[in-house]
Amino acid sequence: MTGTVAVNGEVRRLEDLRLQDFLQSFFFGAGFFETFLVTGGAPMFLERHLARLRSSLAAHADCVRAPPPEVLTARAVRESLRRCLEADATLGPRFTGVGKLVAGDGNLLLSFRPLPADHERTVREGRVLGEREDRGYRRGDPLLTHKSVSYLRQYAHLGRGTVFLNEARELCEAPNGNLFFLVEDAVVTPPLEAPCLPGIIRAVLLEEGRLGGWPVVERSVRLEQLEGVRGCVLTNSVSLALAVPGLLGRELPASGELAGLARAVVEASARRER
């Protein structure tokens, strides 16, 4: 994380933040966050991220103190972002990297970090998902459809190539993104009740409705159905669409083509919404 942040629109230094301003978030995980790609100083899909953040805050209004509504608008966040980038020479107005919003304790914290060191290689080569975890996800768990700062379950598996399954042996998601599977004649992503996060890129692809000649649909995918999977893509708001060349011991030769199609759709949508 870089040294310049904003709290409710006020540009601050990270070292000047006070723990007492974030007590519920820090001690109880009572808050939500959004991570988004910034390219050339412009945030990607900001309105969608803020809509999801406001939805999570509204769903937990009894236990998470929301920031003032005026700081949760796209205009306000863009202005905060602009002033942070201008104030920090290590960022600069044309910054490309990762932005993060954390909402809780009546505050909206905006921070920045560089892209991961292996970002370009991962986009080019994809990521193998070779481990499975089926002890923590339960179908219909409502909390897992929100990006809570109580994130240890996912964080503990970052970088390990994990796929989360529920008690019905249905594939749910990866720690850092949604999954799309090329199964028979469709591209299938698990339904939210699996559970999985209502990802921003997931929504873009579902709205598009097709990847190449294949329809994009929500449908459960069970572990036993992996023999019929020919390709897989992991989507998130930083990497956009990553090929999964290997999934739980199976090689998936169609993943590269599928990821390329998904990335093209996402980038076209981002240009329209910018």
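The shown structure was predicted, so the numbers you read here are calculated from the model rather than taken from an experiment. Position numbers for residues count from 1 along each chain, tracking the sequence in the order it is written. Under the rules for a predicted model, residues below a pLDDT of 70 receive no local features and side-chain atom pairs below 80 are neither given nor counted, while totals for whole chains, interfaces and linings still include all residues. The basis for every side-chain value is the complete set of non-hydrogen atoms in the structure, without hydrogens or water.

Before going further, it helps to spend a moment on a nonpolar patch on the surface. A cluster of nonpolar residues, Leu19, Leu23, Phe26, Phe27 and Phe28, forms a patch on the protein surface that exposes about 580 Å² of accessible area. Tracing the backbone through its elements, the reader meets Phe28 in helix α1 (residues 23–28). In this analysis, a patch consists of residues with relative accessible area above 30% that form no salt bridge, clustered at 9 Å for like charges and at 5 Å for the nonpolar side chains Val, Leu, Ile, Met, Phe, Trp and Tyr. The protein chains shown are the only cover counted for residues, whose accessible areas, like all others here, come from Shrake-Rupley with a 1.4 Å probe. In the sections that follow, a salt bridge refers to a side-chain nitrogen of Lys or Arg positioned within 4 Å of a carboxyl oxygen of Asp or Glu. Helix and strand assignments come from DSSP, with helices taken as H or I runs of at least 4 residues and strands as E runs of at least 2, each series counted from the N terminus.

What follows covers the packing of aromatic side chains. In this analysis, rings of Phe, Tyr and Trp, with Trp reduced to its six-membered ring, are considered paired at centre separations within 6.5 Å, and the interplanar angle assigns stacked below 30 degrees, edge-to-face beyond 60, and tilted for intermediate values. Evaluated as defined, the whole model comprises four aromatic pairs. Measuring from ring centre to ring centre gives 5.8 Å for Phe95 and Phe112, while their planes differ by 80°; the resulting arrangement is edge-to-face. Here Phe95, found in the loop between α3 (74–87) and β5 (97–104), pairs with Phe112, found in strand β6 (residues 107–113); they are 17 residues apart in sequence, far enough to count as distant. For every residue, the accessible area (1.4 Å probe, protein chains only) is compared with the maximum for its type, and the residue is labelled buried under 20%, exposed over 50%, or partly exposed between those bounds. For Phe95, a relative accessible area of 8% gives the class buried. On the basis of relative accessibility, which here comes to 1%, the residue Phe112 falls in the buried class. Any Lys NZ or Arg CZ found within 6 Å of a ring centre and within 35 degrees of that ring's normal is scored as a charge over the ring. Residue placement shows Lys100 over the ring face of Phe33; its charged tip is 4.6 Å from the ring centre.

Let's shift gears to the state of the cysteines. For the purposes of this analysis, a disulfide is any pair of cysteine sulfur atoms at a distance within 2.5 Å. Under the defined criterion, the tally for this structure stands at zero disulfides. The thiol sulfur of Cys172 is not disulfide-bonded, and the nearest other cysteine sulfur, from Cys196, lies at 7.3 Å. Since its relative accessible area comes to 0%, Cys172 is described here as buried.

That bond from Ala194 to Pro195 is cis: its omega, 10°, falls within 30 degrees of zero. Structurally, the position occupied by Pro195 is in the loop between β11 (186–189) and α6 (200–208). Phi at Arg169 is positive, roughly 65°, even though this residue is not glycine. Within the secondary structure, Arg169 is located in the loop between β8 (162–165) and β9 (171–173). Here Arg169 falls in the partly exposed class, since its relative accessible area comes to 35%. A positive phi angle is found at Glu184, which is not glycine, with a value near 55°. Relative to the helices and strands, Glu184 is located in the loop between β10 (178–183) and β11. Of the residues examined, Glu184 reaches a relative accessible area of 58% and is grouped as exposed.

If you trace the backbone, Leu110 turns up in strand β6. Placed 125 residues apart in sequence, Leu110 and Thr235 show a C-alpha to C-alpha distance of 23 Å. Excluding residues that lie within four positions of it along the chain, Leu110 makes contacts with Val5, Ala6, Phe36, Val77, Ser80, Leu81, Lys100 and Leu101. Contacts were defined at the residue level, with two residues in contact if any of their heavy atoms lie within 4.5 Å.

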